[in-house]
Amino acid sequence: MKSLNLKSLVPAAAVAAFLTTSAFAQPGQTLAANGHSLVGTWKVTVSPDGIPPFTAYNVFTVDGNSFEFDNSNPPSGQSIAVGPWTSTGVNSFSFTEINQLYDNTGAYAGELKVRGAIELTADGNSFSSKFKFDVADPTGTVVFSGGGTAAGKRVIVEGQ
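Residues numbered from 1 in each chain as written. Predicted model: local features only at pLDDT ≥ 70, side-chain atom pairs only at ≥ 80, totals over all residues. Heavy atoms only, no water.

Asks: Would you take a moment to explain the pattern of salt bridges for this structure?
Replies: Should the charged atoms of two oppositely charged side chains come close, the side chains can pair. Going through the model one piece at a time under the given rule, you end up with one salt bridge. Where D134 meets R115, a salt bridge forms, and the shortest distance between an N and an O atom there is 3.1 Å. Of the two residues, D134 sits in strand β7 (residues 126-136) while R115 sits in strand β6 (residues 108-120), which places them 19 residues apart along the sequence. Judged by its relative accessible area of 22%, D134 is partly exposed. Owing to a relative accessible area of 31%, R115 belongs among the partly exposed residues under this scheme. (Salt bridge = Lys/Arg side-chain N within 4 Å of Asp/Glu carboxyl O. Helix = DSSP H or I, 4+ residues; strand = E, 2+ residues; numbered from the N terminus. Buried < 20%, exposed > 50% of the residue type's maximum accessible area, 1.4 Å probe, protein only.)

Asks: Any chance you could explain the pairing of β7 here in plain terms?
Replies: Along any regular strand the residues' side chains alternate between the sheet's two faces. Relative to β7, β6 runs antiparallel, the two being bridged by ten bridges. Bridge pairing links L120 to F127 in β7. Bridge count between β7 and strand β8 (residues 142-154): eleven bridges; the pairing is antiparallel. Opposite K130, over in β8, you have T149 as the bridge partner. With antiparallel pairing between neighbouring strands as the criterion, β7 and β8 make up a hairpin whose turn holds five residues, including G140 at a positive phi of roughly 95 degrees. (Pairing = 2+ DSSP bridges.)

Asks: Explanation requested: the packing of aromatic side chains in the structure shown.
Replies: Two measures describe an aromatic ring pair: the distance that separates the ring centres and the angle between the ring planes. In the structure shown here, the tally under the stated rule is six aromatic pairs. When the ring of Y57 is compared with that of F69, the centres are 5.6 Å apart and the planes differ by 20 degrees; the resulting orientation is stacked. Here the residue Y57 occupies a position in strand β2 (residues 54-60), and F69 occupies one in strand β3 (residues 65-70), the gap between them amounting to twelve residues. Among the residues examined, F69 registers a relative accessible area of 45% and is labelled partly exposed. Ring centres of F131 and F133 lie 6.4 Å apart, and the angle between their planes is 35 degrees; on these two criteria the pair is classed as tilted. (Phe/Tyr/Trp six-rings, centres within 6.5 Å; stacked < 30°, edge-to-face > 60°.)

Asks: Please explain the sheet that holds strand β4 (residues 81-89) as it appears in this structure.
Replies: Strand pairing in a sheet relies on backbone hydrogen bonds. The paired strands run either parallel or antiparallel. Pairing within the closed barrel is antiparallel, and its eight strands lie in the order β1-β2-β3-β4-β5-β6-β7-β8. Adjacent strand axes in the sheet meet at a mean angle of 30 degrees, parallel and antiparallel pairs treated alike. In this sheet, β6 lies alongside strand β5 (residues 92-102) in antiparallel orientation, the contact comprising eleven bridges. Its bridge partner lying in β6, L101 is registered against G110. (Axes fitted to C-alpha atoms, helices over the stretch in contact; angles between N-to-C directions.)

Asks: Would you mind going over the environment of T141 with me for this structure?
Replies: Here T141 lies in the loop between β7 and β8. Sequence separation of T141 and G110 is 31 residues, and the distance between their C-alpha atoms is 8.9 Å. Setting aside its immediate chain neighbours within four residues, T141 contacts V135 and A136. (Contact = heavy atoms within 4.5 Å.)

Asks: Looking at this model, I keep getting lost on the layout of surface pockets. Mind explaining?
Replies: Rolled over the atoms, a probe with the dimensions of a water molecule shows which regions are left empty. Here the largest pocket is characterised by a volume of approximately 730 Å³. If you trace the largest pocket, you find 41 residues lining it, with F54, D70, S72, Q78 and L112 closest to the centre. For the lining of the largest pocket, the elements supplying multiple residues, two or more each, are β1 (40-48), β2, β3, β5, β6, β7 and β8. Classifying every residue of the lining of the largest pocket gives 25 nonpolar, eleven polar and five charged. (1 Å grid on protein atoms, 1.4 Å probe; cavity = no way out; pocket = protein on both sides within 12 Å on 5 of 7 lines; lining within 4 Å. Points joined across faces, edges and corners; volume = space filled by probe spheres on them. Nonpolar A, V, L, I, M, F, W, Y, C, P; charged D, E, K, R; others polar.)

Shown next, in the form of structure tokens:
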């Protein structure tokens, strides 16, 4: 039987610890003081000012990226939104997400950029958000702007 060489295990353990820590402790994406994080999947009711509310699903990843899809337009009218997010304080976060927009013929029609702030509740299972958005034409000229609020609830694993 081969014996273990402790001298070779220590560097391997250090590398494993570094990789594990760096995967979950990215700069700007820290856990709140109470251990809660924005990381996860959220069902969100989005209420733009002057526009009927709609439902969105947001995914915030540990590496500071986000993905959002919603039912505000037909799938042929917009792409999934993508963008970065970061922690700005205890239970506070900021994000930017961008959708590409398409007209009825499928031609590129511009972009929708949403910038917002999120406040996570103390239990870490819901949030409120305020946001601003700009719609730009294909040349990048902003043709419409607005704002609104949103309320999210964490999607949890459910048993069968």
